[in-house]
Amino acid sequence: QFSAPVFVNMDSRIEKAFPFRERYKLTVMFEFFNLFNNANAAAIQQQQSVANFGSVSEWLPGREGQIGLKFEF
């Protein structure tokens, strides 16, 4: 048996709504994934016949972000 590496993830979302007139609203969003940019394992070598059994074979992406606009009417 072996233990998988530690998985640490922090996602964050910031949004601000700007209402105008009576029925319309514009929302601006900023989203961040893996905010602290930790190296998290995505896949671990599971074949026991391979010499590097239990080692990390893939990593998840680092910090990512996106911006969005939402218009409600």
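Residue positions are given per chain, counted from 1 along the sequence in the order it is written. Confidence filtering applies because this is a predicted model: local features only for residues at pLDDT of at least 70, side-chain atom pairs given and counted only at 80 or more, and all residues used for totals across whole chains, interfaces and linings. The side-chain numbers reported here are obtained from all heavy atoms of the structure, hydrogens and water having been left aside.

### As for unusual backbone geometry
Now for step 1: The residue R21 is not glycine, and still its phi comes out positive at about 55 degrees.
Now for step 2: Working definition: helices are DSSP H or I runs of at least four residues, strands are E runs of at least two. Numbering for both runs from the N terminus. By the element assignment, R21 lies in the loop between β1 (12–20) and β2 (24–33).
Now for step 3: Exposure remark for R21: the relative accessible area of 75% places this residue in the exposed category.
Now for step 4: Here the phi dihedral of N34 falls at roughly 55 degrees; this positive angle occurs in a residue that is not glycine.
Now for step 5: If you trace the backbone, N34 turns up in the loop between β2 and β3 (41–44). Any residue under 20% of the maximum accessible area for its type is buried, any over 50% is exposed, and the rest in between are partly exposed; the area is computed with a 1.4 Å probe on protein chains only.

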